[in-house]
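# Observations on the three-dimensional arrangement
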Amino acid sequence: MVLIISGIGTLIFIYAGGYLQGDPRIGRFYVMILIFMAAMLGVVLADSLLLLFVFWELTSISSFLLIGFNHESEQSRRSAQQALLVTGSGGLALLAGLILLATAGGSWQISVLLHQQTAVTTSPLYLPALILILLGAFTKSAQFPFHFWLPNAMAAPTPVSAYLHSATMVKAGVYLLARLHPVLGGTGEWFYGLVIVGGITAVLGGYLSWWQTDLKRIMAYSTVSALGVLVLLLGIGTKIAVEAAMLFLLVHSLYKGGLFMAAGAIDHETGTRNVRRLAGLARQMPFVFVGITLASLSMAGIPPLLGFIGKELIYEATLEPETAVWQLLLTALALLTNIFLVAASGVIVIKPFLGQPNEDTVQPHHPAGLSLWLGPLLLGLLSLGLGLFSNSTLVAKWLLQPAATAVYGHDLVLKLGLWHGLTPMLLLSGVTIAAGAGVWWLHERWRQGVMAVDAALAPRLGPEALYDRGFDGLLRLADWLTVRVQDGFLRHYLLWIVGTTVVLVGTALLRGKTAVMPSQDLIPGPNEILLTLVILGAAWMVVQADSRLAAVAGLGVIGYSMALIFILYGAPDLAMTQFSVETLTVILFVLVLYKLPTFETKDSTPTRLRNVVVSLLVGAMMTGLVLAANAIPASTHVTDFYSENSYVLAKGHNIVNVILVDFRGLDTMVEITVLSVAAVGVYALIHTRKQQQETAVEERRSES
Amino acid sequence: MEILLAIIIGVLYAAAIYMMMSRSIVKLIIGLALLGHASNLLIFNMGPLVRGRPPLIHEGAEVPIPPFADPLPQALILTAIVIGLGAIAFAIVLVRSVYQQVGTDDIDELRTTER
């Protein structure tokens, strides 16, 4: 997998240089695709579930940026948003699933989890974890019914489609399933979930591919189909199926990357990707032609390319299940899919490259440059070479065997070869190629009919229509909620915030089983009781006050009483600060008091009653919270550090002061900055006002 | 005393929220000041209360002699008090300015900055 990411990534880099030549945004493009590459390598190499998730999300985000690369196009933006929402919501499900998995398996390390299969599959959390992880993997790998974002993602520049949306990113879901197969696999739920979804996706993708007219859409749907085959194979989960999956993963990455690059080259040179308007390109673009032909032959599974061996193995895997029904069903699914893929590869190559040009077709402006044909050609030759030498140790033993072993969970020996003798697989291959050719032969005639059916059904039944409806509904819900929660009245905002807090914290407090009495309770002396009464009285005074002065006086009383509390409980520094700050605040209030409006009761009685109830609830909750918090002995290690080191390290006798100016000196500096900013703000407000008054006076003078 | 303090904190919070939900903007600011007091007391109450033994190290000693009051909440509150002063001062002047510009202290009527 790493090899695929880095290898194809390199070719994409060269290719993108030619494709986006002269585009001013090429720098941005490289940055984004490098971010993606790093993230993708992270997904593959991560051993921690959480780390894997973080990289997984990063690939979604970079994919979003790359799909929306042509951000001026409405279509691009919509596709990008769609891809992000679909894969992103899948990502959320995945996160939940991974957490459940880690809880069930008792570890966050995949390497540890691999040995916990029995613990995980017998856990009650297994089914929810499996469903959530499958959701994540299915959305990422464009499985039915989430497949619709992938063809739309073709709005991205072709190098991106070639790299992210065929060779690497969409394989992340398959990779995850493969990686977790030893932990989660081997159960009925795994088998049915993967086989059903993978099977539907494979056939549906294949069916949707061959009658498209846009080269990139043909390839996109055939990618969907290929991903479905991979999921199907992992679902079967036998030794051969796993081998087939790993081989097909490689095969598909090689040919699909090549196909996309070739499509991009055609688009770049002729300005269209419509297969009906392309013909006879073989002479003008010989290297692209060779590359795309090899890739298509591999996709169609024609010997001696690697795709042929891949297809043989797939048939071998589908013929393996013990019950005849499954054998028949799976083989039929695979056969149908492959027939469609053969037809699709015919559509891609034969007409555009070998067809007779006429007045409808477009001629290329200039031959494709080296960087444009190098990628497709190299990948095509690789498909051919690996196919020819598939029985060599390089392919079987070094490339695929370790991967298959890791996925299967037990040691296995992998043998590949072009010729197995006359087997059912060979027969099936023959049938596939013949039927595929037949579909291709008829595809021009059938296309009209199929397109009409699609146009009638898709707006009502297609998952994309459902997505659109869901999206609209979400927006309406958000509108409705926003209008109600944020209605423009400050007090209502406060009410919502306070109300939510009271409900949540209150519920937790009432349901909590912790003691609500403090662990220590000093017996209050008479002076302390008096102080308490003073504060309570002052609070009552503030709330009740009819005049501003009374309220400010009450506030002052509370402030000074707090200073007294600080003195009583060993905080002289606090007391001093509190005294001076309280004095300043009261002075400030009194200074501007007569420029402030007088108190009037503006709220109606029911509103005030509601406010009283809410406030009392908040007060009760806070009291409960304090008591509950005091019941838990506070951790003292931070305090211990400061008190032990305040003289030893900082040579200060007053620990509070040492904390402020030494240990947390930076905080204090920021605090001073905040104060200065506030001071500047106060000054500016007063000053502007003065200036306005002066100008007003001058204006009046000049008028008179 | 811890229980008494908890009650004081609850009452202060209740008073603060009540004041803040008023339509009068001056009451809002007084409520804000009360909220600051309540929060400071809340933080103060998080350390164990110790009567009359400030966290000081005596001459010649290297560590304070227990029991002594927890210095950590004190440091936090000290910062909070000063920041609170800055916020309240700014708010008072802002309200004065708003009142002079707009001519109302009713928050519900403050929907535009035009006079």
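Residues numbered from 1 in each chain as written. Chains lettered and ligands numbered in written order. Predicted model: local features only at pLDDT ≥ 70, side-chain atom pairs only at ≥ 80, totals over all residues. Heavy atoms only, no water.

Let us look at the overall build of chain A. A tally of regular secondary structure across chain A gives 29 helices and zero strands. A burial count over chain A gives 51% of its 704 residues as buried. Considering only contacts in chain A between residues 6 or more positions apart, those separated by 24 or more positions represent 77%. Accessible area for chain A stands at about 31,600 Å²; split by element, carbon and sulfur atoms hold 69% of it. (Helix = DSSP H or I, 4+ residues; strand = E, 2+ residues; numbered from the N terminus. Buried < 20%, exposed > 50% of the residue type's maximum accessible area, 1.4 Å probe, protein only. Contact = heavy atoms within 4.5 Å. Areas by Shrake-Rupley, 256 points an atom, 1.4 Å probe, with all protein chains shown as cover.)

When helices and strands are tallied, chain B shows three helices and zero strands. Across chain B, helices and strands are ordered from the amino to the carboxyl terminus as α-α-α. For chain B, with 115 residues in total, the buried portion stands at 58%. Across chain B, the fraction of contacts at a sequence separation of at least 24, relative to all contacts at a separation of at least 6, is 54%. Surface exposure of chain B reaches about 4,300 Å², of which carbon and sulfur atoms provide 65%.

This brings us to the environment of Glu189(A). Residues and elements named next belong to chain A. Counting through the fold element by element, Glu189 comes out in helix α11 (residues 188-209). Overall, Glu189 belongs to the partly exposed group, its relative accessible area being 38%. Taking C-alpha positions, Glu189 is 9.1 Å from Ile131, a pair spaced 58 residues apart along the chain. Beyond its immediate chain neighbours, meaning those up to four positions away, Glu189 contacts Tyr126, Leu127 and Leu130.

Right, let's get into helix α1 (residues 2-20) of chain B. The end-to-end C-alpha separation of α1(B) is 27 Å, in line with the 27 Å expected for 19 residues at 1.5 Å each. With 15 of 19 residues buried, α1(B) lies mostly within the body of the structure. (Expected span 1.5 Å × (residues − 1).)

Residue and element names in this part refer to chain A. In the structure shown here, the tally under the stated rule is three cavities of 30 Å³ or more. Its volume calculated, the largest cavity comes out at about 60 Å³. In this structure, the second largest cavity spans a volume of roughly 50 Å³. Every residue along the wall of the second largest cavity is listed here: Phe248, Val251, Ser298, Met299, Gly301, Gly307, Lys311, Ile314, Asn338 and Leu341. Top element by residues in the lining of the second largest cavity is helix α16 (residues 306-318). It accounts for three residues. Its residues assigned to classes, the lining of the second largest cavity comprises five nonpolar, four polar and one charged. (1 Å grid on protein atoms, 1.4 Å probe; cavity = no way out; pocket = protein on both sides within 12 Å on 5 of 7 lines; lining within 4 Å. Points joined across faces, edges and corners; volume = space filled by probe spheres on them. Nonpolar A, V, L, I, M, F, W, Y, C, P; charged D, E, K, R; others polar.)

This next bit is on the interface of chain A and chain B. At the interface, 95 residues of chain A touch 84 residues of chain B. At the boundary of chain A with chain B, total buried surface from both sides reaches about 8,500 Å², with 74% on carbon and sulfur atoms. Applying the counting criterion to the chain A and chain B interface returns one salt bridge. Glu528(A) serves as the salt-bridge partner of Arg51(B), at 2.8 Å between the closest nitrogen and oxygen. Between chain A and chain B we count nine residue pairs in polar contact (both at pLDDT 80 or more) in total. Mapped onto the side of chain A that touches chain B, the elements with two or more residues apiece are α22 (490-511), α23 (526-544), α24 (548-568), α25 (572-593), α26 (605-631), α27 (637-648), α28 (655-663) and α29 (665-703) of chain A. Here the element with the most residues in the side of chain A that touches chain B is α26(A); it accounts for 14 residues. The residue makeup of the side of chain A that touches chain B, split by class, is 59 nonpolar, 23 polar and 13 charged. (Buried area = accessible area lost by both parts, 1.4 Å probe. Salt bridge = Lys/Arg side-chain N within 4 Å of Asp/Glu carboxyl O. Polar contact = N/O pair within 3.5 Å; in protein donor to acceptor, adjacent residues only side chain to side chain.)

Residue and element names in this part refer to chain A. In this model, Ala142 sits at a positive phi of 55°, which is unusual for a non-glycine residue. Mapped onto the elements, Ala142 comes out in the loop between α7 (126-140) and α8 (149-152). With a relative accessible area of 0%, Ala142 lands in the buried category. Even without being glycine, Lys651 reaches a positive phi, approximately 55°. Relative to the elements of secondary structure, Lys651 occurs in the loop between α27 and α28. Its relative accessible area of 56% is what places Lys651 among the exposed residues.

Bringing the confidence of the model for chain B into the picture now. All names here are of chain B. In the predicted model, chain B carries a mean pLDDT of 85, and the fraction of residues at 70 or more is 95%. Taken element by element, the predicted model of chain B shows its lowest mean pLDDT in helix α3 (residues 71-102) (87) and its highest in α1 (91). At the level of chain-chain contacts, confidence expressed as ipTM amounts to 0.92, with global pTM at 0.68. (pLDDT = per-residue confidence, 0-100.)

The next thing to look at is the side chain of Thr331(A). For Thr331(A), the location among the structural elements is in helix α17 (residues 324-354). When sequence neighbours within four positions are dropped, the list of residues in contact with Thr331(A) reads Tyr315(A), Thr318(A), Leu319(A), Trp326(A) and Leu428(A).

A few words now on the packing of aromatic side chains. Residue and element names in this part refer to chain A. Applying the stated criterion to the full structure yields 11 aromatic pairs over all chains. Pairing Phe148 with Tyr467 gives two aromatic rings, centres 5.5 Å apart and planes at 50°, and the pair type is tilted. Placement of Phe148 in the loop between α7 and α8 and of Tyr467 in helix α21 (residues 463-485) is noted, with a sequence separation of 319 residues between them. Residue Phe148 shares its accessibility class with Tyr467, and that shared class is buried. Within the aromatic cluster, the residues linked to one another by ring pairs are Phe29, Tyr30 and Phe69. Across from the ring centre of Trp56, 5.1 Å away, lies the NZ or CZ of Lys140, which sits over that ring. Of note, Lys651 hangs over the ring of Tyr647, and the distance from its end group to the ring centre comes to 5.4 Å. (Phe/Tyr/Trp six-rings, centres within 6.5 Å; stacked < 30°, edge-to-face > 60°. Lys NZ or Arg CZ within 6 Å of the ring centre and 35° of its normal.)

Residues and elements named next belong to chain A. Going through the model one piece at a time under the given rule, you end up with five salt bridges over all chains. Close ionic contact of Glu74 with Arg77 constitutes a salt bridge, the shortest N to O distance being 3.9 Å. Placement of both Glu74 and Arg77 in helix α4 (residues 74-105) is noted, with a separation of three residues, approximately one turn of the helix. For Glu74, a relative accessible area of 59% gives the class exposed.

Together, Glu694(A), Glu698(A), Glu699(A) and Glu703(A) give the surface a local cluster of negative charge. Along the chain, Glu699(A) turns up in helix α29. (Patch = residues over 30% accessible without salt bridge, like charges linked within 9 Å, V, L, I, M, F, W, Y side chains within 5 Å. Lys, Arg positive; Asp, Glu negative; His and termini not counted. Charge placed at Lys NZ, Arg CZ, Asp CG, Glu CD.)

Time to look at the nonpolar core. With 137 residues, the main nonpolar core has Leu101(A), Trp149(A), Leu177(A), Leu184(A) and Ile348(A) as its most contacted residues. The element contributing the most residues to this core is helix α13 (residues 239-270) of chain A, with 19 residues. Each residue touching Ile348(A), except ones within four places of it in the same chain, is listed here: Leu215(A), Ile218(A), Met219(A), Leu259(A), Ile292(A), Ser296(A), Met299(A) and Phe353(A). Formed by 76 residues, the second largest nonpolar core is a distinct cluster that contains Phe44(B), Ala75(B), Ile77(B) and Ala91(B). (Core = buried A, V, L, I, M, F, W, Y, C linked by side-chain atoms within 4.5 Å.)

Residues and elements named next belong to chain A. One can describe the packing of helix α10 (residues 171-184) onto helix α12 (residues 215-236) by two numbers: an axis separation of 10 Å at closest approach and a directional angle of 5°. Relative to α12, the element α10 is oriented roughly parallel. Where α10 approaches α12, its residues Lys171, Val174, Leu177, Ala178 and His181 are matched on the opposing element by Leu227, Leu230, Val231 and Leu234. (Axes fitted to C-alpha atoms, helices over the stretch in contact; angles between N-to-C directions. Parallel < 35°, antiparallel > 145°, perpendicular 65-115°, else oblique.)

To continue, consider a nonpolar patch on the surface. Residue and element names in this part refer to chain A. The grouping of Val31, Ile35, Val54, Leu58, Ile61 and Leu65 at the surface amounts to a nonpolar patch, some 470 Å² of accessible area in total. Of all the secondary structure elements, the ones that give two or more residues to the nonpolar patch are α2 (26-45) and α3 (49-67). Of all the elements, α3 adds the most residues to the nonpolar patch, at four residues. Assignment of secondary structure puts Val31 in helix α2.

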